[in-house]
Amino acid sequence: CTFTRCSFNKVDFTSTAISRSRFFETNLDNSAFDYTCISDCSLVVSSFNDTSFIQSKILYSGFSDSEGMNSDWKDTDIIQCSFSNTQLTNCDFKRATLVDDIFLRVDLTECDFSSVTVTCLTVTMCEVPEEFQELFEVNHLLYSPAVFEWEPTPTDVDDEDIDVIDFNEEEDEEDDEDRPW
């Protein structure tokens with residue numbers, strides 16, 4: 001399903017399964033997604049402020065250019081999801097599980113990450129509460145390669161450092177006999 005410019009304000013989605021759905025410019029404020037399975041969905045330019053996701057499973061989904069302040073994510077499994085340019089200030093992630101998620105330019109200030117399980121998380125250009133900085137920094141070192149960080153290319157390269165192979169050179173006939181092909 002695709003929902004464009006819809007209003008689901010204060011809707012109760014408790015114990016539902018939502019799969020392969022797209023929400024564009026949609027209002028999901030004050031809604032309840034408790035005990036819900038959300039899979040392969042995307043929220044783009046949408047709002048889900050004061051929304052509850054308690055004990056839900058959110059899989060393979062994307063949240064982009066959206067706003068979800070004061071949302072409750074307690075005991076939720078968030079697996080292989082991406083959050084980009086999303087406002088998540090003052091959210092409660094207590095006891096949540098974050099696995100293979102990407103957070104790019106996300107405001108996580110005043111969020112509570114107490115007792116969170118984090119595995120292979122990529123956090124780039126995000127505002128993270130100071131008391132949880134170490135959690136994200138240590139975990140980031142375990143994730144290799146990072147999706148948005150690449151090794152810098154050298155600016156000066158010596159010609160002596162480069163091995164040149166000339167494939168047009170004739171090889172000795174003896175070398176050809178030793179090869180099985």
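Residues numbered from 1 in each chain as written. Predicted model: local features only at pLDDT ≥ 70, side-chain atom pairs only at ≥ 80, totals over all residues. Heavy atoms only, no water.

Things to note about the environment of Arg 95
In this fold, Arg 95 is placed in the loop between β9 (82-84) and β10 (97-99). Residues Arg 95 and Lys 74 lie 21 residues apart in sequence; the distance between their C-alpha atoms is 6.0 Å. Contacts of Arg 95, omitting those with residues within four sequence positions, involve Lys 74, Asp 75, Ser 114, Ser 115 and Val 116. Polar contacts involving the side chain of Arg 95 include one to the side chain of Asp 75, which spans 2.9 Å. (Helix = DSSP H or I, 4+ residues; strand = E, 2+ residues; numbered from the N terminus. Contact = heavy atoms within 4.5 Å. Polar contact = N/O pair within 3.5 Å; in protein donor to acceptor, adjacent residues only side chain to side chain.)

Details of the sheet that holds strand β2 (residues 17-19)
Taking strand neighbours across the sheet as the criterion, the 6 strands line up as β2-β4-β6-β8-β10-β12 in an open arrangement whose pairing is parallel. This sheet does not close on itself; its edge strands, each paired only once, are β2 and β12 (117-119). Between one strand axis and the next, the sheet turns through 5° on average, direction left out of account. The sheet contact formed by strand β8 (residues 77-79) and β10 spans 3 bridges and is parallel. From the neighbouring strand, Ile 79 faces β10, where its bridge partner is Val 99. (Pairing = 2+ DSSP bridges. Axes fitted to C-alpha atoms, helices over the stretch in contact; angles between N-to-C directions.)

Overview of unusual backbone geometry
Positioned with a positive phi, Ser 15 is a non-glycine residue whose angle comes to about 60°. Among the structural elements, Ser 15 can be located in the loop between β1 (2-4) and β2. Under the relative-accessibility criterion, Ser 15 is labelled exposed at 56%. For Arg 20, which is not a glycine, the phi torsion comes out positive at approximately 45°. Structurally, Arg 20 can be placed in the loop between β2 and β3 (22-24). (Buried < 20%, exposed > 50% of the residue type's maximum accessible area, 1.4 Å probe, protein only.)

Regarding the confidence of the model for the chain
For the chain, mean pLDDT is 84; residues scoring 70 or higher make up 76% of the total. Long-range and interchain partners of residues 141-153, a stretch whose pLDDT sits below 50, account for 12 contacts in this model, where long-range means more than four residues apart. (pLDDT = per-residue confidence, 0-100.)

What to know about the packing of aromatic side chains
Where two aromatic rings form a pair, the distance of their centres and the angle of their planes describe that pair. Overall, the coordinates contain 17 aromatic pairs when judged by the stated rule. Between the aromatic rings of Phe 8 and Phe 13, the centroid separation amounts to 5.8 Å while the plane-to-plane angle is 70°, which identifies the pairing as edge-to-face. Like Phe 13, Phe 8 is buried. With a centroid separation of 6.4 Å and 80° between ring planes, the pair formed by Phe 8 and Phe 23 is classed as edge-to-face. With Phe 8 in the loop between β1 and β2 and Phe 23 in strand β3, the pair connects residues that are 15 residues apart, well separated along the chain. For Phe 23, a relative accessible area of 6% translates into the label buried. (Phe/Tyr/Trp six-rings, centres within 6.5 Å; stacked < 30°, edge-to-face > 60°.)

Things to note about the state of the cysteines
A full pass over the atoms with the stated rule returns 0 disulfides. Its sulfur unpaired, Cys 37 is 8.8 Å from the next cysteine sulfur, which belongs to Cys 41. Owing to a relative accessible area of 32%, Cys 37 belongs among the partly exposed residues under this scheme. Lacking any disulfide linkage, Cys 111 is separated from the closest cysteine sulfur, that of Cys 91, by 4.6 Å. By relative accessible area, Cys 111 is classed as buried at 2%. (Disulfide = S-S within 2.5 Å.)

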